[in-house]
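# Analysis of the macromolecular model
The primary structure of each chain is shown beneath.
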Amino acid sequence: MDFSFLDDYEEEAGPEIVDAGEGYRNIWVLAEVADGALCRSTLEVMGQARDLADQIGVYVYGVLIGEGVEPLGQELIAYGADLVLVADDAALAEYQPETYTQALACLVDEKRPEILLIPATALGNDLAPRLAQRLNTGLMSHCTKLGLDMSERLLLGTFPVLGGEMYHTVACPEARPQIATLEPGYFRVPYEDTYRSGDVQQVEVNLSEVEGRLSWTDLDAAVDLPSAPLTKAKVVVCAGRGLQDAEGFGLAEQLAAALGGVVAGSRGAQDEGWIAEEQVVGVGGHEIAPDLYVACGVSGDVYHYFGVQDAKFVVAINADEDAPIMKLANMAVVGDAKQVIPAMLEALGA
Amino acid sequence: MRIIVPIKQILDPDGLTFRRDKERMFINREEYIIGPGSKAAVEAALRLKGEGDEGSGEPGRTVVALSMGEARADDALREALAMGCDAAYLLSDSAFAYADLSVTTRVLAEAVARLGGADLIVTGRESGDTGAGQIGPRLAQALGYAQVTDVCALVAGEDGIEATRRWGEGYATVKAPLPAVVTVAPEAFEPRLPHGARIMSAYREWDVPVWDADALELGEAALAPLLTKRRESFPPPLEVGEVFRGDPETVAEDVVAALRQQKIIGQAGG
């Protein structure tokens with residue numbers, strides 16, 4: 001057959017497709033090391049990176065920065081990395097914003113990742129914005145969910161705003177790499193697959209022009225923060241007469257400490273002499289609006305409930321299933337608070 | 001020593017209600033306040049200046065408040081003046097309306113440079129609304145200053161600062177030379193109330209100059225944001241009335257697991 005008619009055919013030039021990420025490929029995970037081991041949050045980030053990489057068909061790189069961190073490379077591979085870059089340098093032994101920023105910026109300029117994920121730990125929160133500023137790119141911080149816009153090949157970061165009552169989802173369409181920090185505890189840790197294989201590569205970074213300016217004088221400082229007043233506390237554990245005695249009240253205090261909150265009491269607890277009047281919740285006491293309110297052995301009559309109706313999440317522990325608070329609680333636990341709280345403390349690992 | 005405090009005015013969250021089932025936010029009372037992080041930053045700076053009960057200050061320290069925002073942020077700056085700041089500047093321009101954090105950093109850095117640089121910049125760990133926590137470190141990089149974030153105790157000498165910050169699971173003490181950027185934890189610096197006489201002066205006598213994009217010599221290119229907002233969404237409504245029964249051990253484990261799964265508590269506990 002004669003196909004010569006095809007020779008005259010010229011493809012019409014369509015609009016030029018501009019790939020903002022031209023030349024930028026692969027997903028990087030900055031690994032955080034504490035006490036010679038990978039942090040749990042790093043593994044969570046690794047799981048997310050693997051999922052995203054499989055969707056857009058790229059490799060996952062683990063990035064290890066520090067001194068003597070190379071042995072951890074294989075572990076990163078077992079958790080999902082295809083390749084691990086190790087910047088091992090005596091100058092990187094302790095965290096310094098300047099040197100860590102310089103080391104990462106060097107690597108990014110040279111190898112051009114399209115996405116860089118960092119755990120939102122104390123270190124990550126300190127480093128990521130500085131790095132983003134240095135690389136002149138956008139940072140989606142404190143993400144609790146990641147997604148992809150496949151039509152534009154963009155990372156979408158979702159993070160809570162206004163105290164977690166709402167989420168914003170943002171993208172970084174022009175600048176590369178797209179950097180996101182991931183809030184610890186929101187993503188699952190992937191399975192460790194010791195049969196995965198990959199390279200652990202030593203890389204050189206140029207640190208000659210920068211110098212860390214911080215001197216860490218005490219890595220285990222004791223801090224005595226003023227405890228949050230009852231009305232501002234995020235977590236409140238309220239003790240009621242159902243705890244029976246001072247020993248039971250002690251359990252409520254322990255639970256409050258384990259949950260990082262403060263202890264309060266019902267009018268009944270005040271009558272028993274366990275708490276002072278300033279800690280009473282309810283009508284005539286404080287009206288509070290914590291994120292989490294745990295009522296232990298509190299029946300929750302109307303006068304009590306008016307004081308806590310703005311609480312975002314209520315857990316009630318009470319032996320009486322028909323107590324008023326049990327109808328109003330998000331989670332109603334039927335049982336003797338004096339038995340349930342010790343078991344909860346154990347489950348919390350306190 | 002010049003201490004500069006960038007502050008952010010936010011919509012008072014107490015005036016908002018959220019209906020998760022309707023996926024809407026309702027503004028019941030539209031009132032603007034200084035965000036809790038920014039207010040703590042003002043307090044921390046004033047303590048360094050040595051006013052109030054808990055000062056470790058020395059003479060010759062001045063505190064300057066800066067705010068980028070709409071014209072109404074003037075109120076926030078006057079409140080900062082009433083608390084004890086020595087001067088305040090409002091950075092306001094319609095061209096700043098679409099600013100993201102990189103643009104805000106550029107505007108603030110430009111303003112700091114115009115003020116002749118700072119010895120110390122104190123700001124909140126994160127804002128009370130969007131809570132990104134980026135301005136401090138970004139500003140430090142833009143100006144080439146040292147940085148310490150999430151600080152809960154702060155002392156400043158002539159040549160440097162000593163700060164206690166949250167680090168890993170606990171706290172660490174760190175020294176940094178000046179100039180430096182410090183971001184403070186709001187829970188550690190309970191803000192003072194403005195002084196009555198200063199409130200009168202702040203509104204009647206003192207000036208809050210306004211600097212716009214031209215004054216800061218920022219062109220259109222410098223004000224182009226890098227991030228774009230795609231969506232707003234709401235968490236699913238909380239379920240009411242989930243009942244747990246059984247022997248104490250199993251029940252306790254189930255409850256803790258359910259609380260963790262719903263992100264009511266973190267993995268570590270609180």
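This brings us to the overall build of chain B. Of the regular secondary structure elements, chain B holds six helices and 15 strands. Classification of the 270 residues of chain B by burial places 50% in the buried group. Surface exposure of chain B reaches about 12,200 Å², of which carbon and sulfur atoms provide 48%. Side chains of chain B carry 29 positive and 42 negative charges; the gap between the two charge centres is 3 Å.

This part takes up the environment of G50 of chain B. For G50 of chain B, the position within the fold is in the loop between α1 (36-49) and β6 (62-68). Sequence-wise, G50 of chain B and T173 of chain B are 123 residues apart; in three dimensions their C-alpha atoms are separated by 22 Å.

Right, let's talk about the packing of helix α3 (residues 101-114) of chain B against helix α4 (residues 135-143) of chain B for a bit. Residues and elements named next belong to chain B. Close contact between α3 and α4 brings their axes to 9 Å; oriented N to C, the two are set at 55°. For the element pair α3 / α4, the angle class is oblique. Between α3 and α4 lies a crossing whose hand is right-handed. Contacts between α3 and α4 involve L101, S102, T104, T105, L108, A109 and V112 from the first element and I135, R138, L139, A142 and L143 from the second. Split into classes, the residues belonging to the contact of α3 with α4 amount to eight nonpolar, three polar and one charged.

To describe two helices that pack against each other, one gives the angle between their axes and the distance between the axes. Direction vectors running N to C along helix α4 (residues 122-134) of chain A and α4 of chain B enclose 45°, while the axes themselves pass 7 Å from each other. The orientation of α4 of chain A with respect to α4 of chain B, classified from their angle, is oblique. The chirality of how α4 of chain A crosses α4 of chain B is right-handed. Where α4 of chain A abuts α4 of chain B, its residues N125, D126, P129, R130, A132, Q133 and R134 of chain A lie against P137, R138, A140, Q141 and A142 of chain B.

Let us look at a nonpolar patch on the surface. A cluster of nonpolar side chains, V283, V302, Y303 and F306 of chain A, forms an exposed patch at the surface whose accessible area comes to about 430 Å². For Y303 of chain A, a relative accessible area of 58% puts it in the exposed group.

So, on to the nonpolar core. Counting 79 residues, the largest nonpolar core has I65 of chain A together with I3, L120 and I161 of chain B as its most contacted members. In this structure I3 of chain B touches A45, L48, T62, V63, V64, L120 and V122 of chain B, once residues within four positions along its chain are discounted. Of all hydrophobic cores here, the second largest spans 45 residues; its members include V29, A31, A49 and F159 of chain A.

Our focus in this paragraph is the interface of chain A and chain B. The partner chain B presents 79 residues to the 77 residues of chain A that form the contact. The closest approach of N and O atoms between R165 of chain B and D126 of chain A, which form a salt bridge, is 3.2 Å. Where chain A packs against chain B, one counts 28 residue pairs in polar contact (both at pLDDT 80 or more). Considering each element in turn, the side of chain A that touches chain B owes the most residues, nine residues, to α4 of chain A. Looking at the side of chain A that touches chain B residue by residue, the classes come out as 45 nonpolar, 17 polar and 15 charged. The pairing of strand β18 (residues 331-334) of chain A with strand β15 (residues 242-244) of chain B spans three bridges and is classified as parallel. Considered in β15 of chain B, the bridge of A332 of chain A is made with V243 of chain B.

Time to look at the pairing of strand β1 (residues 27-31) of chain A. Two faces make up the sheet, and in a regular strand the side chains alternate between them. Residue and element names in this part refer to chain A. Judged by how many residues are buried, β1 sits mostly within the fold: five of five residues are covered. Along β1, one buried face is formed by I27, V29 and A31 and the opposite face, lined by W28 and L30, is buried too. In this sheet, strand β4 (residues 60-66) lies alongside β1 in parallel orientation, the contact comprising five bridges. What sits directly across from W28, in β4, is Y61. Sheet analysis places β1 next to strand β6 (residues 115-119), joined by three bridges and oriented parallel. Of the residues in β6, the one forming a bridge with V29 is L117.

What follows is about the pattern of salt bridges. Taken as a whole and judged by the stated rule, the model has 33 salt bridges over all chains. A salt bridge links D12 of chain B to R29 of chain B; the nearest nitrogen and oxygen atoms lie 3.6 Å apart. Here R29 of chain B lies in the loop between β4 (24-27) and β5 (32-34) and D12 of chain B lies in the loop between β2 (9-11) and β3 (16-19), a separation of 17 residues in the sequence. Where salt bridges share partners, they join R50, D54, D82 and R196 of chain A into one cluster.

A separate point is the domain arrangement of chain B. By convention, interface size is frequently given as the accessible area that disappears when the constituent parts associate. When cut into domains, chain B gives domain 1 (2-211) and domain 2 (240-270). A C-alpha centroid distance of 38 Å is found between domain 1 of chain B and domain 2 of chain B.

Further remarks concern helix α3 (residues 97-111) of chain A. Note: α-helices contain 3.6 residues per turn, so residues at a spacing of three or four share the same orientation. Taking 1.5 Å per residue as the helical rise, α3 of chain A with its 15 residues ought to reach 21 Å, and the 21 Å between its terminal C-alpha atoms agrees with that figure. Tucked into the core, α3 of chain A has its buried residues touching β1, β4 and α4 of chain A together with α4 and β9 (146-156) of chain B. Of the residues one or two after α3 of chain A, R112 of chain A is the one with positive phi, at around 55°.

Residue and element names in this part refer to chain B. The end-to-end C-alpha distance of α1 is 20 Å, a good match for the 20 Å that 14 residues give at a rise of 1.5 Å each. Buried residues dominate α1, accounting for twelve of its 14 residues. Looking one or two residues beyond α1, the residue adopting positive phi is G50, at roughly 95°.

So, about the packing of aromatic side chains. Geometrically, a pair of aromatic rings is defined through the distance of the ring centres and the angle of the planes. Residues and elements named next belong to chain A. Going through the model one piece at a time under the given rule, you end up with six aromatic pairs over all chains. Seen from their ring centres, W28 and Y61 are 6.0 Å apart, and the 15° between their planes marks the pair as stacked. Pair noted here: W28 is in strand β1 and Y61 is in strand β4, with a separation of 33 residues, a long-range link. The exposure class of W28 is buried, given its relative accessible area of 1%. On the accessibility criterion, Y61 (16% relative accessible area) is buried. With centroids separated by 5.9 Å and ring planes inclined at 25°, the aromatic side chains of F249 and W274 adopt a geometry described as stacked.

Our focus in this paragraph is the sheet that holds strand β10 (residues 160-167) of chain B. In space, the ten strands of this open sheet follow the order β13(A)-β11(B)-β10(B)-β9(B)-β12(B)-β8(B)-β1(B)-β6(B)-β7(B)-β13(B), with mixed pairing throughout. Each edge of the open sheet carries a strand with a single partner, namely β13 (215-218) of chain A together with β13 (210-211) of chain B. As judged from the two bridges shared by strand β7 (residues 87-91) of chain B and β13 of chain B, these two strands associate in the parallel manner. Bridge assignment links L91 of chain B to a residue of β13 of chain B, and that residue is W211 of chain B. Docked against the sheet, α1 of chain B engages β1 (2-7), β6, β8 (120-124), β9 and β12 (180-184) of chain B, running at close to 145° with respect to β8 of chain B.

On to a negative patch on the surface, then. On the surface, E346 of chain A together with D247, E249, E253 and D254 of chain B cluster together into a negatively charged patch. With three residues, the top contributor of residues to the negative patch is helix α6 (residues 248-261) of chain B. With respect to the helices and strands, D254 of chain B occurs in helix α6. Owing to a relative accessible area of 40%, D254 of chain B belongs among the partly exposed residues under this scheme.

Parameters at a glance
Residues numbered from 1 in each chain as written. Chains lettered and ligands numbered in written order. Predicted model: local features only at pLDDT ≥ 70, side-chain atom pairs only at ≥ 80, totals over all residues. Heavy atoms only, no water. Helix = DSSP H or I, 4+ residues; strand = E, 2+ residues; numbered from the N terminus. Buried < 20%, exposed > 50% of the residue type's maximum accessible area, 1.4 Å probe, protein only. Areas by Shrake-Rupley, 256 points an atom, 1.4 Å probe, with all protein chains shown as cover. Lys, Arg positive; Asp, Glu negative; His and termini not counted. Charge placed at Lys NZ, Arg CZ, Asp CG, Glu CD. Axes fitted to C-alpha atoms, helices over the stretch in contact; angles between N-to-C directions. Parallel < 35°, antiparallel > 145°, perpendicular 65-115°, else oblique. Left-handed = near helix turned anticlockwise from the far one by under 90°. Contact = heavy atoms within 4.5 Å. Nonpolar A, V, L, I, M, F, W, Y, C, P; charged D, E, K, R; others polar. Patch = residues over 30% accessible without salt bridge, like charges linked within 9 Å, V, L, I, M, F, W, Y side chains within 5 Å. Salt bridge = Lys/Arg side-chain N within 4 Å of Asp/Glu carboxyl O. Core = buried A, V, L, I, M, F, W, Y, C linked by side-chain atoms within 4.5 Å. Polar contact = N/O pair within 3.5 Å; in protein donor to acceptor, adjacent residues only side chain to side chain. Pairing = 2+ DSSP bridges. Domains from an automatic or database assignment. Expected span 1.5 Å × (residues − 1). Phe/Tyr/Trp six-rings, centres within 6.5 Å; stacked < 30°, edge-to-face > 60°.

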